[in-house]
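Coordinates in review
Residues per chain, in single letters:
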Amino acid sequence: MEISPLPLLMNPEPNSAYQYQVGGSLPIDAPTYVQRKADQDLYEGLKAGEFCYVLNSRQMGKSSLRVRTMQRLQAEGIACAAIDITAIGTFDITSEQWYAGVIDSIISSLELYDKFDLAEWWLRHNLLSNVKRFSKFIEEVLLKLIPQSVVIFVDEIDSILSLTFNIDDFFAVIRDCYNQRADKPDYRRLAFALIGVATPSDLIQDKRRTPFNIGQAIELTGFELQEAQPLAVGLAQKASNPQGVLQAVLDWTGGQPFLTQKVCQLILKAESPISTGTEAEWVENLVRSQIIAYWEAQDEPEHLKTIRDRILHSSRQSTGRLLGLYQQVLQSLAPPSPPNLGGEPEKPPLNKGGLGGIVADESPEQMELRLTGLVVRQQGQLRVANQIYQAVFNSHWVEKELANLRPYAEVFTAWLASNCQDESRLLRGQALQEALAWAASKSLSDRDYQFLTASQELDKREVQRILEAEKEASRILTQANQALEAVFKSASSKALFGAGQEFDALLEALRAGKQLQALDKSVRAKANAQMQVVTALHQAVYGVKERNRLEGHSNGVIAVCFSPDGKTIASGSSDHSIKLWSLDGKELQTFQGHEGVVNSLCFSPDGKTIASGSNDRIIKLWSLDGRELRTLQGHHDTVYSISFSPNGQTIASGSDDKTIRLWSLDGRELQALEGHSAGVYSVSFSPDGQALASADSNGTIKLWSIDGREQQTISKHGQAVTTVSFSPDGQTLASASSNGTIKLWGIDGRELQTFRRHHHVVYYIGFSPDGQT
């Protein structure tokens, strides 16, 4: 069955009651609903029993498409159930509650409450896992109670990705329903439609399992003029040529549903009519003044800011890749957009013909950029989705955001401030290589390239100096070895080193070194003393043996901490395990329970409990004999930092979900501290336990009172702050950053000191017990 195209309404009758809807699902009877090719594709695919997925960016009309398709299928006698993942919830929900919520949504949609008691059935199958219950419900309840074809729509599917437990099994059940068709005919009556902002590879993330590769992808594109005729009805109130107005609107929006409805609504609210022949100019002026100019203030309901945030609020590495890729797309257009000064609307040339773009592929970077909605795939090319996006997110916006991401931002600024003369600010070694790799796929300013070139030249000179120094050192070492052969013949040296007393020899050498100060006449005596020092140092250094080596983890060690009594070491690893060691290198315990990298470990002040935080978003408490005491759940992303209060009664945790959470030892969440705009990398209690310091990946440090009030905000590092620590007297804070700097602060927020000797990320910082180092 094929829907015939709507005829062009050249002169639709004005309708004073006509209303456009900006955002949200359109009601069934909405006059502004635009039927696209996707409507027919999804309807026919599901009616034929195909598994379908509509995966696209936000505000493309996915939910409205679902509502309309359900109505059409139900009119054909097909039973339809809708599962809205956001309605079930993803915050503070267990696996059991979630799966029960999924089943309850199906029962509610199909009005099966009088035929099926979920509570009783759930308890009766309490020996089964949650996912097995879901699978059993489909086969033994759903397909038995519903004799006709059934379609289950799963909307907002991307919300599943924020659940704290593994959800791969849910999609594995859906895939199994498809595979069961070969052996069980009842399954041929069942189809699924997955809808959301995700890619098929997101749906099963465990690479060891079969990917989610079944079903038919439904392509959801922007409105075409032929399809968008229902929108022309309202435009007839403002123009004698509504077709010309509609075409002008689509030229700017590219048919993007949200923007198209919004521009049409703005036209309807405008006071002045649109004269024939002025449609394109009139719409352009409206778009520039009401949407593009000062767009952040005018973006209501939010649309452009949603795109911006999806790009900028991912990890720095991911943001850099997306901006670099989008920059390549912009550079394929000619000519470039002029600068946007003072928020004035830009006037880039309209790219009506869809020219430009880069070759499209299915790489993760391109798929992620397409999910922002900023670009679309057309005729094998990746292109900017529409002229509004091109004007707002132009090359100057990209350059500004890339500048904010510079991994060398602080030293670059200092170098510029020195009139490009201070070579100590230039990059060297690994820092330079990482900066060059970051800059490789991006278009940067002339000053950036000047800085990187100067850094490369300095690096080459230093490498050459090192090679020359090594050559000279080799010559000196040869002579020293010849002299050492004679010295080693002395009985006293043989006696010390032969007895294994390397450090006694070192002490003797240091005593001899002091004698050098008193020897200024006897060349022979001075030479002998010098040789004794060289000999002892050489033997002592090379004679020292590694006492113990703690080996046992199968992957990288991420976190290490000593017990309060200094007799035990705990280590956390990328292999998801925690190990406890004695000082002689003996492995005492292995703790298994996390499903992700263990990022942070902390002993309680009494040394009887270990707290751990992981990529699996969970905090666990352990006894020293390896027993898991508690599991603390509440964070929605990676837990980076754990800290016990000095009295041992409270635990603070920092997470990539931008929150700090305080917990009691019995696992109760006491408080959530919100205020960071990025992932929290470090939390630290003050020595008196009355304050808490935190630091995030945007470079912000915050001080909190123990009751959760924000008392101080410091944002002067410029890049991610990896760690923050109180001095023993509680009067000073030390912080370290990914730009290699260390800073000292007063607790009133004053910057006391900055240290710049590191050339790369500083991961950890701590005070000596006396607070002086």
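Residues numbered from 1 in each chain as written. Predicted model: local features only at pLDDT ≥ 70, side-chain atom pairs only at ≥ 80, totals over all residues. Heavy atoms only, no water.

1. Comments concerning the overall build of the protein chain
Along the protein chain, the regular secondary structure elements total 24 helices and 28 strands. Each of the 773 residues in the protein chain was classed as buried or not, and the buried ones make up 49%. Sequence separation of 24 or more characterises 59% of the internal contacts of the protein chain that already satisfy a separation of 6 or more. If you sum the accessible surface of the protein chain, you get close to 37600 Å²; carbon and sulfur atoms cover 50% of it. (Helix = DSSP H or I, 4+ residues; strand = E, 2+ residues; numbered from the N terminus. Buried < 20%, exposed > 50% of the residue type's maximum accessible area, 1.4 Å probe, protein only. Contact = heavy atoms within 4.5 Å. Areas by Shrake-Rupley, 256 points an atom, 1.4 Å probe, with all protein chains shown as cover.)

2. Some remarks on empty space enclosed by the protein
As enumerated under the stated definition, the model contains two cavities of 30 Å³ or more in all. Considered as a void within the structure, the largest cavity measures approximately 70 Å³ in volume. In terms of lining, the largest cavity is formed by Ser57, Arg58, Gln59, His303, Thr306, Ile307, Arg310, Leu371, Thr372 and Gly373. Within this model, the second largest cavity holds a volume of roughly 50 Å³. When contributions to the lining of the second largest cavity are tallied by element, the ones reaching two or more residues are helix H11 (257–269) and helix H13 (295–298). The biggest single contributor to the lining of the second largest cavity is H11, with three residues. Within the lining of the second largest cavity, the residues separate by chemical class into five nonpolar, two polar and two charged. (1 Å grid on protein atoms, 1.4 Å probe; cavity = no way out; pocket = protein on both sides within 12 Å on 5 of 7 lines; lining within 4 Å. Points joined across faces, edges and corners; volume = space filled by probe spheres on them. Nonpolar A, V, L, I, M, F, W, Y, C, P; charged D, E, K, R; others polar.)

3. Side note on the nonpolar core
In terms of nonpolar packing, the biggest core is built from 76 residues, with Ile267, Val283, Tyr326, Ile388, Tyr389, Phe393 and Tyr408 touching the most fellow members. Among the elements that take part in this core, H11 stands out by supplying seven residues, more than any other. For tyrosine 389, the residues in contact, after removing those within four places along its chain, are Gln256, Leu259, His303, Leu304, Ile307, Tyr326, Gly373, Leu374 and Val384. Formed by 72 residues, the second largest nonpolar core is a distinct cluster that contains Ile106, Ile157, Tyr187 and Leu203. (Core = buried A, V, L, I, M, F, W, Y, C linked by side-chain atoms within 4.5 Å.)

4. Topic: the sheet that holds strand E19 (residues 659–664)
In any sheet, the strands associate via hydrogen bonds between backbone groups, in a parallel or an antiparallel arrangement. Overall, antiparallel pairing links the four strands, which are arranged E17-E18-E19-E20 in an open sheet. The open sheet is flanked by strand E17 (639–644) and strand E20 (669–674), the only strands paired with a single partner. Looking at each pair of strands side by side, their axes are set apart by 20° on average, direction ignored. One ladder, built from five bridges, connects E19 with E20; its direction is antiparallel. Residue pairing across strands places leucine 662 opposite glutamine 671, the latter belonging to E20. (Pairing = 2+ DSSP bridges. Axes fitted to C-alpha atoms, helices over the stretch in contact; angles between N-to-C directions.)

5. Quick word on unusual backbone geometry
Glutamate 300 connects to proline 301 through a cis peptide bond whose omega is -15°. Residue placement: proline 301 occurs in the loop between H13 and helix H14 (304–312). Its identity is not glycine, yet tyrosine 294 carries a phi of approximately 45°, on the positive side. By the secondary structure assignment, tyrosine 294 is in the loop between helix H12 (279–292) and H13. Owing to a relative accessible area of 47%, tyrosine 294 belongs among the partly exposed residues under this scheme. Look at asparagine 419: it is not a glycine, yet its phi comes out positive at around 60°. The class for asparagine 419 is exposed, based on a relative accessible area of 58%.

6. Let's talk about the packing of helix H15 (residues 316–331) against helix H18 (residues 395–405)
Contact geometry of H15 with H18 gives a least axis separation of 10 Å together with a crossing angle of 155°. When the interaxial angle is binned, H15 and H18 end up roughly antiparallel. Where H15 crosses over H18, the two elements pack in a sense that is left-handed. When H15 is examined against H18, the residues Arg316, Thr319, Gly320, Leu323, Tyr326, Gln327 and Leu330 are found in contact with a partner set consisting of Ser395, Trp397, Val398, Glu399, Glu401, Leu402, Asn404 and Leu405. Class assignment for the residues of the contact of H15 with H18 results in seven nonpolar, five polar and three charged. (Parallel < 35°, antiparallel > 145°, perpendicular 65-115°, else oblique. Left-handed = near helix turned anticlockwise from the far one by under 90°.)

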